[in-house]
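Chain by chain, the residues run as shown.
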Amino acid sequence: MEVNELTLVSRDQIKNQPLMLRPGQLLKGKVLKVNEENMAEIQIGAQKIFAKTSINLINNSDIWFVVQKNGEGIHLQIIDENQFLKGISPQAILQTMGIKVTQEKLKLVKWFQSREIPLNQSLVKSFTLWMTGDTKQDIAVFKTLLDRRLPLIKDVFNAVHSIKNERTITFAINNLQHKLTPYLNNETAQTLDHLLTKFNHLFNDKMLTSLMDGWLKNSVQAKESFSLLQKLGVFSPKSSEEQIIQQLLYTRSDEKNKAILTLLQDIQSRGIQKQTAPFLLTLTKLNHAFSFAWESGTKLQASIKNGEITLPLNANQITSLIKDGLAKLYDHSYSSTPIKQTSSPLINIYSRLNEQLQVLETLNKSAYSKTQQLLYNIAEETRQQLHTPVMIKGELKQILALFGLTYEQQMNEKQHINIHAIKPLILQLLKDIQQPALTEAAKELLNKITGMQLLSSDTDGLSHFALQLPFPLGPFSKLLSMQWSGKSKKNGEIDPSFCRVLFHLNMETLGETFIKLQIQNRVITMNLSIENTRLLPDTKPFEELIKSKLNEMNYQLTKISFSEITSTMKEEKKDTTNPIQIIGVDMRI
């Protein structure tokens, strides 16, 4: 059956949008009617196509077909019902096709038969060759491909499988960066390594910057902050605080920062002398060099002039002044933070943090308690920052651009292509360097990115978006898997006024929590299913706060109900990459 023209008629009355038919798709359609000129009207889901057919089709009959490319057009190859292998045992199918019979392959064929999916020899052989050894996961991937109408080809299978794989995208990034090390004389490898480092810094720097602030600004936990920076490898464990300050004062920097660092060096040397005039002159120059008020310098200048403080300053006074000056400098010149100037590559800083906490808990309960309090303070600071949707949106957009998730879209629409993004650089790397270990690591990350792209698409008037990334949650990095799926507005955006939302959270103290939101015309009903039911009495005080916050966003919360998590919910949550897994839910996070 050749398609001469595709016309979409959406139940949502979205006009003139092409039905996405891609080579390799296996689709089921219903023949609505066939006219005298052999033009068939076929319904696929909520959409319809008109196709010229060269065989006789029966009105109101179901057909299965595989999408194939035919020159510049599309060819729909109908699968004859005689090829469906109905009523034949899985073992007989495999034996007839000369495929070695294993329990995994039997389960796969049986699953396809249970879904009444047509099987022919070509499909069965392909599917069994793609299997990874984890039959349950393999079947979940096939289900996703079929539900989302994705092409049944090996590259697509591998990409979606990588998203469901337990090895996270963080592991893939770190693994590739490690494998790149011997090839950094190659320009593509060097650029890719720089981007992967930048990606890691997006998350590592948040916590480390907080620790630097805590130390340089002489907070009540300055000692704990400095000690943790040493334990994490930012500073050498053998270096004293004074030695680290010297490193920071004499590090390389741009012209403006270099001038400020030179004045801080003069403050350090003149502060231990008795000559007041040169010291005050340097303080004045430093105050002018800063493009913002430096309270410590101004206050010290006034105290010296009125006789409250006399030179020379003691070691503690000088150290405190220099640290405060460095803190002010780095507050206003992020690109030159001391973290990037003094540390070794910070590839997996959160793993190191967890290791150090375990060591402290065993060896020094007091130090462990102080460190936990420090991390709690950082977590609270991060929570306050993440309270602003603009910040979250900005970070997500930065990550999307860094990954190169719009690479194919830019090519198809002949837009300017950002070649300095992770995906296009990996594709170039695979052409530049053919080395098995590097190729394997590069393809693993490439599959992760492609899997996110494949799960971000439009199907039957629904828009889907998928993203998996490490995200700073307090002082720790958690893998954040996000999925949106909802009806599209005319401009292609998900309609936030009419949707259902499911949040699945798994937290160390609170345990598992499911939050279901039903939104109709911006009126919300909420159900919370929690694992730790003992916490239910503690939720009452927060109900009014939730209502108030939602009101600020023009939503009205009318009902909150509570229930205990069921075994069915726990089973459903195991497949977090398939939003169709939960019936009637438009968004899954």
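Presented here is a report on the structure given in the accompanying data block. Keep in mind it's a predicted model, so treat the numbers as computed, not measured. (Residues numbered from 1 in each chain as written. Predicted model: local features only at pLDDT ≥ 70, side-chain atom pairs only at ≥ 80, totals over all residues. Heavy atoms only, no water.)

1. With respect to the overall build of the protein chain
A tally of helices and strands in the protein chain yields 22 helices and 14 strands. Residue burial in the protein chain is summarised as follows: out of 589 residues, 45% are buried. For the protein chain, the exposed area adds up to about 31700 Å²; of that, 52% sits on carbon and sulfur atoms. (Helix = DSSP H or I, 4+ residues; strand = E, 2+ residues; numbered from the N terminus. Buried < 20%, exposed > 50% of the residue type's maximum accessible area, 1.4 Å probe, protein only. Areas by Shrake-Rupley, 256 points an atom, 1.4 Å probe, with all protein chains shown as cover.)

2. Points about empty space enclosed by the protein
Overall, the coordinates contain one cavity of 30 Å³ or more when judged by the stated rule. The space that makes up the largest cavity amounts to roughly 40 Å³. A per-class count over the lining of the largest cavity returns six nonpolar, one polar and no charged. (1 Å grid on protein atoms, 1.4 Å probe; cavity = no way out; pocket = protein on both sides within 12 Å on 5 of 7 lines; lining within 4 Å. Points joined across faces, edges and corners; volume = space filled by probe spheres on them. Nonpolar A, V, L, I, M, F, W, Y, C, P; charged D, E, K, R; others polar.)

3. Focus on a nonpolar patch on the surface
Nonpolar side chains collect at one region of the surface, where Phe542, Leu545 and Ile546 lie side by side and expose about 270 Å² of accessible area between them. According to the relative accessible area criterion, Ile546 is partly exposed, its value standing at 32%. (Patch = residues over 30% accessible without salt bridge, like charges linked within 9 Å, V, L, I, M, F, W, Y side chains within 5 Å. Salt bridge = Lys/Arg side-chain N within 4 Å of Asp/Glu carboxyl O.)

4. Some details on the side chain of His161
The topology assignment puts His161 in helix α5 (residues 154-164). For His161, the side chain forms a polar contact with the side chain of Asp138, separated by 3.0 Å. (Polar contact = N/O pair within 3.5 Å; in protein donor to acceptor, adjacent residues only side chain to side chain.)

5. Comments concerning helix α11 (residues 276-289)
Given a rise of 1.5 Å per residue, 14 residues ought to cover 20 Å, and the 20 Å separating the end C-alpha atoms of α11 matches this to within 8%. Buried within α11 are the following residues: Phe279, Leu280, Thr282, Leu283, Leu286 and Asn287. Down the axis of α11, the sector holding all buried residues measures 160 degrees, keeping them to one side. Of the exposed residues in α11, those oriented more than 90 degrees away from the buried face are Ala277 and His288. Check the buried side of α11 and you find it contacts α10 (255-270), α12 (295-305) and α13 (315-331). (Expected span 1.5 Å × (residues − 1). Arc of directions from axis to C-beta. Contact = heavy atoms within 4.5 Å.)

6. So, the nonpolar core
The tendency in soluble globular proteins is for nonpolar side chains to be buried side by side. The biggest cluster of nonpolar side chains holds 46 residues, and the ones touching the most others in it are Leu211, Trp215, Phe279 and Leu326. The contacts of Trp215, once residues within four sequence positions are left out, are Ala222, Ser225, Phe226, Phe235, Glu241, Ile244, Ile245, Leu248 and Lys323. (Core = buried A, V, L, I, M, F, W, Y, C linked by side-chain atoms within 4.5 Å.)

7. Quick word on unusual backbone geometry
Negative phi is the rule for most residues except glycine; trans is the rule for most peptide bonds. Look at the link from Leu311 to Pro312: it is a cis peptide, with omega at 0 degrees. Along the chain, Pro312 falls in the loop between α12 and α13. Phi is positive for Asn60, which is not a glycine, with a value near 65 degrees. Tracing the chain through its elements places Asn60 in the loop between β4 (47-52) and β5 (62-70).

8. Notes on the packing of α5 against helix α20 (residues 436-454)
Put simply, α5 and α20 touch, their axes get as near as 7 Å, and they point 95 degrees apart. In this view, α5 runs roughly perpendicular relative to α20, as classed from their interaxial angle. Residue-level inspection shows Asp155, Val156, Asn158, Ala159, Val160, Ser162 and Ile163 of α5 in contact with α20, the latter providing Asn447, Lys448, Thr450, Gly451, Met452 and Leu454. Class assignment of the residues belonging to the contact of α5 with α20 gives a composition of six nonpolar, five polar and two charged. (Axes fitted to C-alpha atoms, helices over the stretch in contact; angles between N-to-C directions. Parallel < 35°, antiparallel > 145°, perpendicular 65-115°, else oblique.)

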